[in-house]
Amino acid sequence: MDTVNMRCRRSAGAAFLILLVFSLAGCGARETRVQQGTRDGVLHIGNDAEPQELDPHLVTGVPEHRILLSLFEGLTTLDPKTLEPKPGVAESWTVSDDQLVYTFTLRKDARWSDGSPVTAQDFVYAWQRILSPKLAAEYAYMLHCIQNAKAFNVGALTDFSQVGAKALDDYTLQVTLAHPTPSLLSMQVHSSWFPVKRASIEKHGAIDVRNSGWTRPGELASNGPFKLTEWKPGLVIVVAKNEHYWDATSVKLNAVRFYPMEDLQTEERSFRSGDLHITGDMPIGKIPVYQRENSAALVIHPYLGTYFYRFNVTKPPFTDARVRKAFALALNRDEIVQNVTKGGERAASSFVPPDTAGYTSANAMPYDPDQARKLLAEAGFPNGQGLPPVELLYNTSENHKLIAEAAAEMWKKELGVMVTLLNQDWKVYLSSMNALDYQMARSAWVGDVLDPINFLECFLTGGGNNRTGWSSPQYDDRIAQAQQAADAGERNRLLNEAEGILLDEAPILPVYTYTRKFLKSPALKGWEPNILGYVLYKNLSLGAS
Amino acid sequence: MIAFVARRLLQFIPVLFVIATLTFFLVRLAPGGPFDSERAVSPEVRAQLDAQYHLDAPLAVQYRDYMVALLHGDFGPSFKNPSRSVSEWIVLRFPISLELGAYALVVALSIGLVAGVLASTRPNSIRDHAAMSFAMAGICIPNFVLGPLLVLVFALWLRWLPVSGWDSAACKVLPSITLGAMYAAYIARLTRGGMLEVLAQDFIRTARARGLSEARIVVRHGLRNGLQPVVAFLGPAAAGLLTGSFAVETIFRVPGLGREFVQAAFNRDYTMIIGTVLFYATLILLFNLLVDLAQAWLDPRARHDGA
């Protein structure tokens, strides 16, 4: 009896297993998400991290910004190839001769996702909101170029009508600036300048209340090509075509799905299995594999960012500019990008990446080990003798470690100095840098806007991003003058002088300018790589490759 | 029995109080704060943020206020993911970790018990060695290796299952197996050990002598006694499955609480750290209590009624 029973059970088990295998194999034949999305006009994007917020005035990260570009539209848009400003909500604008007064004419057919019109008052309200001191918006400084905006933002001025943003009528917006700002038009694609709908905000709280819940699906009114329809934390954010968008006929996609991808390896595997049309990033180790096997999917392009080392000029031996320069001149940056980072990066000889809005540094920090040895000897350390070991700080990451090891090796070989490495967890590292509790530290700066001054402002005396203790009245003076210059040539000349001082005194050592690397399905069309990482969603389409 | 449970529950209060206090001060000792970022925040904005999140008060005052709020069941707002409060995040994310943990436990128990029983009924046979080598491999292979390996085979080569996500039943298979594998291995070894000891005892020989079927002897008489070590292991294992899923949640993009827990520490998300630590501490205390009760049920000698 028992054996019969057992046999029955065994065959039942086997049948179940076979069924299971077949049903699973059946799934294997199914369409991939990418194939299905391409057919239905649904774009699947791998988007780095889970967004902290979708409030355009409070977000600070790239993944948030990538989503907001699909939801909102500012006064202008950019040509994704040339990054030239093009009409957005504003259909035209005029600029006064002194470059201080911009008058925007808004298109009358611009609509919020609930169908109500987008007006000049919406922009004034939005700017008052981001500048409200209690909102504590980290990116409020982007608007400080508007007259009196800074005073209002820090609480020195309480009457917003004195700030240079006025709605002359429903469709005419006048912006008066504190100083000429050549990047004003291109800055309008940054979320800090985006309009928000007053009723949508005030339904949930006052103008300056953080995180009131107004950005949840169903609550968030947006004026861009898409509207928010779903937000499952950690899983997906879905935006669907906004039928009220003024240029809805140009929008070819029906929906975009943004998936947070905190693990690069998982993201790459998702791309490989056909779950994603495009990734936000990729593991560096996979670059050679894609170059060999699927180079059509690999995109590498320059990005507006500089990887550099800071010197703490308040601590010996880097109190001496000659020592700093010796370290800078002895670093073979070409070798680092060719043999260590290997992701198409360009060796940097200046802090501002070349050709940033027409500006390229006239000064360069060359690779010159002979000069480096000479400077070090002049500083009293011939062949590194008498120089105690120097510590190089970086935040924990495999790439930073490899670069630091290569650099330490070069300094040892060329200068005879001993450089030890110290890695710290991200927050500890930031706190060490802020407290000037380091000798040399790895750093990075990624530009928010296409403007060289956005880079050079970092090293103003006492600035929060300076973090080197370096101060130069001549440098501060050049930057201040450049800020007031109405003529583009004059402005670039002053900035060039400033960068010359920076490279000569060398509180920093530029290593390379960034590239962005990601994977993209050939089915996705219209995604133009550019140094800002700017995406014009209405240009995107999906089609058979 | 009720008195025993009540007494144990009362003991939770001082334990949780000490944990809350220690966590509160330890996170403040760590360098860096929730609002430190690569891009410097202006002093005015910083002052506003500190004021709104009550970080400008003296630490003792912050501690007192936090404890008072805690007594009212309020964990405060999350610094890093401010769109929801800490309690809301736990309510949103924990059920996902719980689901993953439950599936993993089912995987661990079904594989572990079967392998352990199979091995113990034919000690030192090929079957025993195979099951135990399998268990050894399960213990040795960390889940951040096993996970990608399973993905490679079942998602990328065979294309049977999705690479990541948590939106469909198919998505849940690989993470559950990955998380459960190591525990399956432990359970297999514990079951084998417990069973071998029991099967060598006199009452089993008596049962055999009475002519009972082998299956009945093993299941009815052997398992109930041989499972004691497994049950003792289940308390910490269940807690470990729920808290230790950080790697699995990251590899498979499961939006559970385990990942939130670890990220909170990196982000210096003070309220989130204390909230999740307290939540997990409560869970572990509860699981240990459940284990004690289960052991009492399995083994009359361990009963607490008269104690």
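Scroll up to find the structure this text is about.
Bear in mind that the values here come from a model prediction, so they are computed numbers and not experimental data.

### Some points on the overall build of chain A
If you tally the helices and strands in chain A, you get 17 helices and 18 strands. Over its C-alpha trace chain A gives a radius of gyration of 27 Å, about what one expects of a compact globule, namely 24 Å for 545 residues. In terms of overall dimensions, chain A has a C-alpha envelope of 95 × 75 × 40 Å along the principal axes. Of all 545 residues assigned to chain A, the portion counted as buried reaches 56%. The contacts in chain A between residues at least 6 apart in sequence include a share of 69% that link residues at least 24 apart.

### Details of the overall build of chain B
Per the secondary structure count, chain B includes 13 helices and 0 strands. Seen in sequence order, chain B has helices and strands lined up from the N terminus as α-α-α-α-α-α-α-α-α-α-α-α-α. Expressed along its principal axes, the backbone C-alpha trace of chain B runs to roughly 85 × 60 × 30 Å. Summarising the internal contacts of chain B: among those between residues at least 6 apart in sequence, 72% fall at separations of at least 24. For chain B, the accessible area works out to roughly 14,500 Å², and carbon and sulfur atoms hold 69% of it. Distance from the positive charge centre (26 side chains) to the negative charge centre (20 side chains) of chain B: 12 Å.

### Topic: the packing of helix α4 (residues 86–121) of chain B against helix α10 (residues 228–243) of chain B
All names here are of chain B. Packing of α4 against α10 brings their axes to within 8 Å, and their N-to-C directions diverge by 135°. Between α4 and α10, the angle falls in the class oblique. For the pair α4 and α10, the crossing hand works out as right-handed. Where α4 abuts α10, its residues Phe94, Ser97, Leu98, Gly101, Ala104, Leu105 and Leu109 lie against Leu234, Leu241 and Leu242. Here the residues of the contact of α4 with α10 are counted per class, giving 8 nonpolar, 2 polar and no charged.

### What to know about the pairing of strand β8 (residues 226–232) of chain A
All names here are of chain A. In terms of strand pairing, β8 meets strand β9 (residues 236–241) through 6 bridges, oriented antiparallel. Note on β9: the bridge partner recorded for Trp231 is Ile237. Counting the residues that bridge the hairpin from β8 to β9 gives 3 residues, and of these Gly234 lies at a positive phi of roughly 85°.

### With respect to empty space enclosed by the protein
All names here are of chain A. Counting across every chain of the model gives 1 cavity of 30 Å³ or more. In this structure, the largest cavity occupies an estimated 110 Å³ of space. Contributing to the lining of the largest cavity are 15 residues, with Leu69, Phe72, Thr77, Tyr534 and Leu536 lying nearest its centre. Its residues assigned to classes, the lining of the largest cavity comprises 10 nonpolar, 3 polar and 2 charged.

### Digging into the interface of chain A and chain B
One widely used convention gives an interface's size as the accessible area the parts lose upon coming together. Residue-level contacts link 53 residues of chain A with 49 residues of chain B. Together, the buried faces of chain A and chain B total about 4,300 Å²; carbon and sulfur atoms form 51% of this surface. Interface area lost by chain A to chain B is led by A:Gln52, A:Arg269 and A:Lys427, which between them contribute 16%. The interface formed by chain A and chain B holds 4 salt bridges in total. Across the pair B:Arg259 and A:Glu262 runs a salt bridge, and its minimum N-O distance is 3.6 Å. Our count for the chain A to chain B interface comes out at 17 residue pairs in polar contact (both at pLDDT 80 or more). Breaking the side of chain A that touches chain B down by element, the ones donating at least two residues are α1 (2–28), α8 (264–272), α14 (426–434) and β15 (440–446) of chain A. If one sorts the elements of the side of chain A that touches chain B by residue count, α14(A) sits on top with 7 residues.

### Things to note about unusual backbone geometry
Following A:Pro316, the chain continues into A:Pro317 via a peptide bond in cis, with omega recorded as 5°. On the secondary structure map, A:Pro317 appears in the loop between β11 (298–311) and α10 (321–329).

### Describing the sheet that holds strand β13 (residues 390–395) of chain A
The strands that make up a sheet pair up through hydrogen bonds in the backbone, lying either parallel or antiparallel. Residue and element names in this part refer to chain A. Pairing is mixed in the open sheet, where 6 strands are placed in the order β12-β16-β11-β15-β13-β14. Either end of the sheet is taken by a strand with one partner, and the two such strands are β12 (346–347) and β14 (419–424). Packed on one face of the sheet, helix α11 (residues 333–341) meets β12 and β16 (508–519) and runs near 30° to β16.

### Side note on the nonpolar core
Soluble globular proteins: nonpolar side chains tend toward being buried together. Residues and elements named next belong to chain A. Within the largest apolar cluster, 107 residues are counted, with the highest numbers of intra-cluster contacts made by Phe104, Leu106, Trp127 and Leu173. For this core, the leading source of residues is helix α4 (residues 120–131), giving 8 residues. Residues contacting Leu106, with those up to four places away along its chain left out, are Leu75, Val89, Ala90, Glu91, Thr119, Ala120, Phe123, Asp170, Tyr171 and Leu173. Membership of the second largest hydrophobic core comes to 41 residues, among which are Met365, Leu387, Ala408 and Val417.

### Considering the packing of α4(B) against helix α13 (residues 270–298) of chain B
Residue and element names in this part refer to chain B. One can describe the packing of α4 onto α13 by two numbers: an axis separation of 10 Å at closest approach and a directional angle of 50°. Considered as vectors, α4 and α13 are oriented oblique to each other. Crossing geometry of α4 relative to α13 is assigned as right-handed. Between α4 and α13, the contacting residues are Val86, Trp89, Ile90 and Phe94 on the first element and Thr271, Met272, Gly275, Thr276, Phe279 and Leu283 on the second. Tallied by class, the residues present in the contact of α4 with α13 amount to 7 nonpolar, 3 polar and no charged.

### A short note on the sheet that holds β9(A)
All names here are of chain A. In spatial order, the strands read β1-β10-β9-β8; together these 4 strands make up an open sheet with mixed pairing. Across the chains shown, the open sheet's two edge strands, defined by having one partner strand only, are β1 (42–46) and β8. Each strand axis lies, on average, 20° off the axis of its neighbour in the sheet, ignoring direction. As judged from the 5 bridges shared by β1 and strand β10 (residues 255–259), these two strands associate in the parallel manner.

### Quick notes on the side chain of A:His44
You can see A:His44 is positioned in strand β1. When neighbours within four sequence positions are excluded, A:His44 is seen to be in contact with A:Arg33, A:Gly37, A:Arg257, A:Tyr259, A:Asp275, A:Leu276, A:His277 and A:Ile278.

### Topic: the environment of B:Pro34
Relative to the elements of secondary structure, B:Pro34 occurs in the loop between α1 (2–29) and α2 (43–52). Measuring from C-alpha to C-alpha, the distance between B:Pro34 and B:Ala264 comes to 9.4 Å, with 230 residues separating the pair along the chain. Setting aside its immediate chain neighbours within four residues, B:Pro34 contacts A:Lys427, B:Leu55, B:Phe79, B:Asn267, B:Arg268 and B:Tyr270.

### Focus: helix α2 (residues 33–40) of chain A
Residue and element names in this part refer to chain A. Within α2, the full set of buried residues consists of Val34, Gly37 and Thr38. The buried residues of α2 occupy one face: seen down the axis, they fall within an arc of 100°. For α2, the secondary structure elements touched by its buried residues are β1 and β18 (541–542). One or two residues past the end of α2 sits Gly41, with phi positive at roughly 70°.

Rules of the game
- Residues numbered from 1 in each chain as written.
- Chains lettered and ligands numbered in written order.
- Predicted model: local features only at pLDDT ≥ 70, side-chain atom pairs only at ≥ 80, totals over all residues.
- Heavy atoms only, no water.
- Helix = DSSP H or I, 4+ residues; strand = E, 2+ residues; numbered from the N terminus.
- Rg over C-alpha atoms; globule rule 2.2 N^0.38 Å.
- Buried < 20%, exposed > 50% of the residue type's maximum accessible area, 1.4 Å probe, protein only.
- Contact = heavy atoms within 4.5 Å.
- Areas by Shrake-Rupley, 256 points an atom, 1.4 Å probe, with all protein chains shown as cover.
- Lys, Arg positive; Asp, Glu negative; His and termini not counted.
- Charge placed at Lys NZ, Arg CZ, Asp CG, Glu CD.
- Axes fitted to C-alpha atoms, helices over the stretch in contact; angles between N-to-C directions.
- Parallel < 35°, antiparallel > 145°, perpendicular 65-115°, else oblique.
- Left-handed = near helix turned anticlockwise from the far one by under 90°.
- Nonpolar A, V, L, I, M, F, W, Y, C, P; charged D, E, K, R; others polar.
- Pairing = 2+ DSSP bridges.
- 1 Å grid on protein atoms, 1.4 Å probe; cavity = no way out; pocket = protein on both sides within 12 Å on 5 of 7 lines; lining within 4 Å.
- Points joined across faces, edges and corners; volume = space filled by probe spheres on them.
- Buried area = accessible area lost by both parts, 1.4 Å probe.
- Salt bridge = Lys/Arg side-chain N within 4 Å of Asp/Glu carboxyl O.
- Polar contact = N/O pair within 3.5 Å; in protein donor to acceptor, adjacent residues only side chain to side chain.
- Core = buried A, V, L, I, M, F, W, Y, C linked by side-chain atoms within 4.5 Å.
- Arc of directions from axis to C-beta.

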